[in-house]
Amino acid sequence: MSDEFERLQPHDIAYEQSVLGSMLMSPDAVVAAIEMLRSDDFYRSAHGLIYRAAVDLYGKGEPVDPLTVKAELEHRKQLSTVQGAPYLHTLMETVPTAANIRHYAERIRKLGINRRLIRAGTSIVEDAYRDSDDVDALIAEAEAKIRQVADYNDSRITDLSTAGEFVDQPDDSADTIIPGVLEVQERVIVVASEGAGKSTLARHVWACVAAGLNPFSFVDIPPKRTLLIDLENPPALVRRKSRGPIELGRQVPGWDDDRCWRWTRPGGLDLKSSRDQQLLDRVITEARPDLMLMGPLYKSFVDGGERAEQLNSQVAAFLDRMREKHGIALWLETHAPLDQAGQRSLRPMGSGVWSRWPEFGLALRKSKDEKDPPHTLLVERFRGDRDERAWPNKLRRGRPWPFEGVFGEAAFRDSRTYKTEYEHL
């Protein structure tokens, strides 16, 4: 191993002592340290033991001070390991002021991340010396090791406040994808039988949102970045089906090609595997979408014989990490299963996980009402909405766009006005 990897790893003992001394002096400092640090962020292992004892005492509702921490360390037979009771008082004497706890903790956190990166980099170098023909696997392993460090960096407690402070904050319009319909980090699953139009609807929403149009009422909205991921159809088919909506979008003032992205994977993904997880993460990072539309859902994983609940829960958990990490809303499409009697049950195919998971569970069913134009879709629910939103109750085939929403007769008249104004498109 080279001298570079044998160098003393980055650390700051004085700052570690200041963190621990602050915790022994102030309950507020204990709270701040818990939010920002873990025991393995400390370079000196004895400091990690003291930190763990203090955190566990606080978690049991007991006071944190030199006496209680000393007793806890004695109970754990660790007091001699941390240089005895006198060292606890030394920690308090080294603290300039406990009010600077977050400054001390932030430095310790960053140094801990540096050491994690050194360990990950060392492991990657050692792996690269292996005589392996599977270069893709080596790269995937390297990315996974770096991702573990990045995930730890994102794992601090954030957005914690009193309820009063929380509700007093003004609503941020930047949190909206489709005003009155969909907000940042919300999840939509659209269920329908094959050929009902769910993929067409996804492409419609994809282009409209990027163009700055509400996809159901065609009211102007702030344009957002969108990413369409097709896990089933070959690129040539997706290109033909996408050409119409994109050309319509380009005719809307202010259109920008850079806001609307697509990725085709006709072989699907296996979002249980770290390799495909890293791949999708990189795609999202590159496209930077506000709204990601993906489907069909059953092509996002490979059944390895796990129980359905376990298999689908893994995929749902990964998608949740992506929406939180990247701040995106998710629009997923999936097929409806066949019941034993051969009838369609409009709920997500595969597992009850998806019935519980989204904020909005839309079920598309062809209308049998003779008063409706052909190919009209009823917008029903396979689960109750978690908030009141302006979803249409029907989708009619539109012109020039593929669909128009129907919210009642008044709303339908408004949509007809839109069609007249944009008939030239």
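Residues numbered from 1 in each chain as written. Predicted model: local features only at pLDDT ≥ 70, side-chain atom pairs only at ≥ 80, totals over all residues. Heavy atoms only, no water.

## Considering the overall build of the protein chain
For the protein chain, the helix and strand inventory stands at 15 helices and 11 strands. Here the protein chain holds 425 residues, and the buried ones make up 47% of them. Considering only residue pairs separated by 6 or more positions, the protein chain has 68% of its internal contacts joining residues 24 or more positions apart. Of the roughly 21,700 Å² of accessible surface on the protein chain, a fraction of 50% belongs to carbon and sulfur atoms. (Helix = DSSP H or I, 4+ residues; strand = E, 2+ residues; numbered from the N terminus. Buried < 20%, exposed > 50% of the residue type's maximum accessible area, 1.4 Å probe, protein only. Contact = heavy atoms within 4.5 Å. Areas by Shrake-Rupley, 256 points an atom, 1.4 Å probe, with all protein chains shown as cover.)

## Overview of the packing of aromatic side chains
One pass over the full model with this rule turns up 7 aromatic pairs. Aromatic side chains Phe 216 and Trp 391 sit 5.9 Å apart centroid to centroid with 55 degrees between the ring planes, which places their arrangement in the tilted category. Taken together, the residues Phe 216 in the loop between helix H10 (198-211) and strand S4 (226-230) and Trp 391 in the loop between strand S9 (377-381) and strand S10 (394-397) connect sequence positions 175 residues apart. Residue Phe 216 shares its accessibility class with Trp 391, and that shared class is buried. Seen from their ring centres, Trp 331 and Trp 391 are 6.2 Å apart, and the 50 degrees between their planes marks the pair as tilted. (Phe/Tyr/Trp six-rings, centres within 6.5 Å; stacked < 30°, edge-to-face > 60°.)

## With respect to a positive patch on the surface
A contiguous patch of positive charge on the surface is contributed by Arg 239, Arg 240, Lys 241, Arg 243 and Arg 262. It is helix H11 (residues 235-250) that contributes the most residues to the positive patch, 4 residues altogether. Looking at the element boundaries, Arg 243 is found in helix H11. (Patch = residues over 30% accessible without salt bridge, like charges linked within 9 Å, V, L, I, M, F, W, Y side chains within 5 Å. Salt bridge = Lys/Arg side-chain N within 4 Å of Asp/Glu carboxyl O. Lys, Arg positive; Asp, Glu negative; His and termini not counted. Charge placed at Lys NZ, Arg CZ, Asp CG, Glu CD.)

## Description of the packing of helix H4 (residues 45-59) against helix H5 (residues 66-75)
Orientation of H4 relative to H5, taken along the N-to-C sense of each, is 110 degrees, at an axis distance of 9 Å. Relative to H5, H4 is oriented roughly perpendicular. Each of Leu 49, Ile 50, Ala 53, Ala 54 and Leu 57 in H4 lies in contact with H5, whose residues at this interface are Thr 68, Val 69, Glu 72 and Leu 73. Classifying every residue of the contact of H4 with H5 by side-chain character gives 7 nonpolar, 1 polar and 1 charged. (Axes fitted to C-alpha atoms, helices over the stretch in contact; angles between N-to-C directions. Parallel < 35°, antiparallel > 145°, perpendicular 65-115°, else oblique. Nonpolar A, V, L, I, M, F, W, Y, C, P; charged D, E, K, R; others polar.)

## Examining the pairing of S4
Of all 5 residues making up S4, 5 are buried, and the element is well covered by its neighbours. By the alternation rule, side chains of S4 split into Thr 226, Leu 228 and Asp 230 and Leu 227 and Ile 229, which are all buried. In this sheet, strand S5 (residues 260-264) lies alongside S4 in parallel orientation, the contact comprising 5 bridges. Residue Asp 230 lies in a different strand from S5, and its bridge partner there is Thr 264. Note that the unit made of S4, H11 and S5 has a crossover that is right-handed. Pairing of S4 with strand S6 (residues 291-295), which is carried by 5 bridges, proceeds in the parallel orientation. For Asp 230, the partnering residue across the bridge sits in S6 and is Gly 295. (Pairing = 2+ DSSP bridges. Right-handed = clockwise from strand over helix to strand, strands pointing away.)

## Description of the sheet that holds strand S7 (residues 329-335)
Reading across from one edge, S5-S4-S6-S7-S3-S8-S9-S10-S11 is the order of the 9 strands in this open sheet, with mixed pairing throughout. Looking along the sheet, the strands with just one partner apiece sit at the ends: S5 and strand S11 (403-406). Ignoring strand direction, the axes of neighbouring strands in this sheet form an average angle of 20 degrees. Two elements, S9 and S10, share 2 bridges in a ladder whose sense is antiparallel. Bridging from a neighbouring strand, Leu 377 pairs with Leu 395 of S10.

## What to know about the confidence of the model for the protein chain
Taken as a whole, the protein chain shows an average pLDDT of 87; of its residues, 90% reach a score of 70 or greater. Contacts from residues 1-6, a stretch scored under 50 in pLDDT, to residues over four places away or in other chains number 5 contacts. Residue range residues 410-425 is modelled with pLDDT below 50. Its contacts to residues more than four positions away, or to other chains, number 16 contacts. (pLDDT = per-residue confidence, 0-100.)

## What about the side chain of His 204?
Summarising the element assignment, His 204 is placed in helix H10. Overall, His 204 belongs to the buried group, its relative accessible area being 0%. Reaching out from His 204, the side chain makes a polar contact with the backbone oxygen of Pro 215 at a distance of 2.7 Å. Look past the residues within four positions of His 204 in its chain and what remains in contact with it is Pro 215, Phe 218, Trp 401, Pro 402 and Phe 403. (Polar contact = N/O pair within 3.5 Å; in protein donor to acceptor, adjacent residues only side chain to side chain.)

## Some words on the pattern of salt bridges
Scanning all chains against the criterion turns up 32 salt bridges. Ionic pairing is found between Glu 359 and Arg 187, a salt bridge with its closest N-O pair at 2.7 Å. Remark: Arg 187 occurs in strand S3 (residues 187-192) and Glu 359 occurs in the loop between helix H14 (353-356) and strand S8 (360-366); sequence separation between them is 172 residues. When sorted by exposure, Glu 359 lands in the same class as Arg 187, which is buried. Ionic contacts of the salt-bridge type, sharing partners, join the residues Arg 52, Asp 56, Lys 60, Glu 72 and Arg 76 into one network.

## What to know about the environment of Ala 120
Topologically, Ala 120 is positioned in helix H7 (residues 101-128). Distance from Ala 120 to Ile 146, taken between C-alpha atoms, is 6.4 Å for residues 26 residues apart in sequence. Ignoring any residue separated from it by four or fewer positions in sequence, one finds Ala 120 in contact with Lys 145, Ile 146 and Val 149.

## Brief notes about the nonpolar core
One broad rule of soluble globular proteins: the nonpolar side chains tend to lie buried together. Judged by nonpolar contacts, the single largest core of 39 residues is most densely connected at Leu 182, Val 205, Leu 291 and Trp 331. Residue assignment for this core shows that the elements contributing at least two residues are strand S1 (176-178), S3, H10, H11, S6, S7, S8 and S9. Of the residues forming this core, the biggest block, 9 residues, is contributed by H10. Ignoring any residue separated from it by four or fewer positions in sequence, one finds Val 205 in contact with Ile 178, Pro 215, Phe 216, Leu 291, Leu 293 and Trp 331. (Core = buried A, V, L, I, M, F, W, Y, C linked by side-chain atoms within 4.5 Å.)

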